[in-house]
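Given next are the chains, with one letter for each unit.
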Amino acid sequence: MPRSLSLARRALPALLAFLLCGAAGAQDDTELQALIDQVQPKAVAWRRDIHGQPELSGQEVRTARLVAQHLRALGLEVQTGVGGHGVVALLRGAQPGRVVALRADMDALPVEEATGLPFASRAKGLHQGQLVPVAHACGHDGHTALLMGTAEVLSRMKERLRGSVKFIFQGAEEGISEGQPAAGASWGAKAMVEQGVLDNPKVDAIFGLHIAPVLPVGAVGWRSGVLMAGADSMRISVKGASAHGGMPWNGVDPIPVAAQIVTSLQTIVSRQLDITQEPAVLTIGSIHGGNRDNVIPESVEMAGTLRTFDEGMRADAKRRIARTVEAVASAAGASASVQFGPTAYAVTHNPPQLVESALPSLRRATGGKVVPLPRLSASEDFSEFQKVVPGFYFILGAMPEGKTAATAAPNHSAGFDFDERALAVGMRALVTLTLDQLAR
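Rules behind the numbers
Residues numbered from 1 in each chain as written. Predicted model: local features only at pLDDT ≥ 70, side-chain atom pairs only at ≥ 80, totals over all residues. Heavy atoms only, no water. Helix = DSSP H or I, 4+ residues; strand = E, 2+ residues; numbered from the N terminus. Expected span 1.5 Å × (residues − 1). Buried < 20%, exposed > 50% of the residue type's maximum accessible area, 1.4 Å probe, protein only. Pairing = 2+ DSSP bridges. Axes fitted to C-alpha atoms, helices over the stretch in contact; angles between N-to-C directions. Salt bridge = Lys/Arg side-chain N within 4 Å of Asp/Glu carboxyl O.

Examining helix α2 (residues 61-73)
- Here α2 is 13 residues long and its end C-alpha atoms lie 18 Å apart, about the 18 Å a rise of 1.5 Å per residue gives.
- Here α2 has its buried residues at Thr63, Ala64, Leu66, Val67, Ala68, His70 and Leu71.
- Gly75 occupies a position one or two residues after α2 and carries a positive phi of about 85°.

Right, here's the structure in full:
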């Protein structure tokens, strides 16, 4: 993302007219802002409550219950347990019309928080069989809170709406935390799609956002076409032969073999793929092997991700990864294998036509603070929704006060935090997008 923003001139009109095709009257900008101002303290409270009690992917029981209780209190039609712990609510407007969906993810990460916030997480949860610290180190607590607030604002405008709004609160965006899913099993957005979340009534367009500290509060980032990379998780098993640590020649040590594999894998991106055409990122994020300093272990297990923007390069890279892993291990007298999955997220792609219709809404909602973005190497299973219906995903600026793009702790890090004023901006953006799309 860019480190500085060129802010467009603020929109001059004092009123933001929402043309609602048959609804009585128009919603005055001042009135909308007043509604958001009323809901903002609630959104902050929800965010802090969720932040202090985070839940790992696929384990979002408490968060889902909190969300469902709020949506029921608004009088919405609520479904729970959709695709895991997903919650879906339907707001029917006073008149029939199009259906717009808004999505937020609810899961946290196996990260030990180091923000020092008074509401910081001290929670622990089971991740791949181990009890680990858990934290909202990616802003999903903010996504959940601001969509809860958006639901309340739009519910208060029900009589003005022509059409319906579907609020989708999704679990397991980050994958599966406990155990490996059964072959062919789905989770997160894919599971919700398979269970009909975009049907009955059928969704015409879906919108989502992601909080990021690299853009200032008040700004949003967008891109037409490819926004975020596709992702493939992978597990690498290296098999050697156990021996005494003082006599390694009596065995085959898988630890230096694993180290050579990690180094060799990086040459796939730096020396084998044509990254002048499309970028790619290959990361090994986990290595486990052995349990004593004087015992050569039998095996080493590694896990990582491949990020690509092109299907051809994706297939080519996977072939090269498998070949490299097997060859390096064989040269050392060991054996190794690669298993891709279970994560296999497609590229997040914003349809140009939908982007074109959404940008005026974002400009009005932010006073013109919309920033074109480069492609991002992070990934999102929002792409599963985009496979079925037109979907627009954008970035919500939330840079903490006193920080810059260079000094703010990034998403997925122990020190990640965001400026809570961004919650109001996110609500305004989603409400404006929804009303404008229903008016089409």
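Once you've had a look at it, read on.
Description of the pairing of strand β5 (residues 130-133)
- Judged from the four bridges that link them, strand β4 (residues 124-127) and β5 form a sheet pairing that is antiparallel. Paired with His127 across the strands is Gln130, a residue of β5.

Re the sheet that holds strand β6 (residues 162-170)
- Taken in spatial order, the eight strands line up as β1-β2-β6-β3-β7-β18-β8-β17 in an open sheet, and their pairing is mixed. Single-partner strands in this sheet number two, and they are β1 (77-82) and β17 (370-372). If you compare each strand with its neighbour and ignore which way they point, the axes differ by 25° on average.
- Relative to strand β2 (residues 86-92), β1 runs antiparallel, the two sharing four bridges. When the sheet's bridge partners are listed, Val82 is paired in β2 with Gly86.

Observations regarding the pattern of salt bridges
- Evaluated as defined, the whole model comprises 21 salt bridges.
- Here Glu380 makes a salt bridge to Arg103, at a shortest N to O gap of 3.0 Å. Here the residue Glu380 occupies a position in the loop between β17 and α8 (383-386), and Arg103 occupies one in strand β3 (residues 95-105), the gap between them amounting to 277 residues. In this structure, Glu380 and Arg103 share a single accessibility class: buried.

Quick word on the sheet that holds strand β12 (residues 280-288)
- The antiparallel open sheet is built from four strands, whose spatial order is β12-β14-β10-β15. Of all the strands in the sheet, just β12 and β15 (335-345) have a single pairing partner and so form its edges. Recorded for the sheet is a direction-independent mean angle of 20° between the axes of neighbouring strands.
- As judged from the eight bridges shared by strand β10 (residues 230-239) and β15, these two strands associate in the antiparallel manner.

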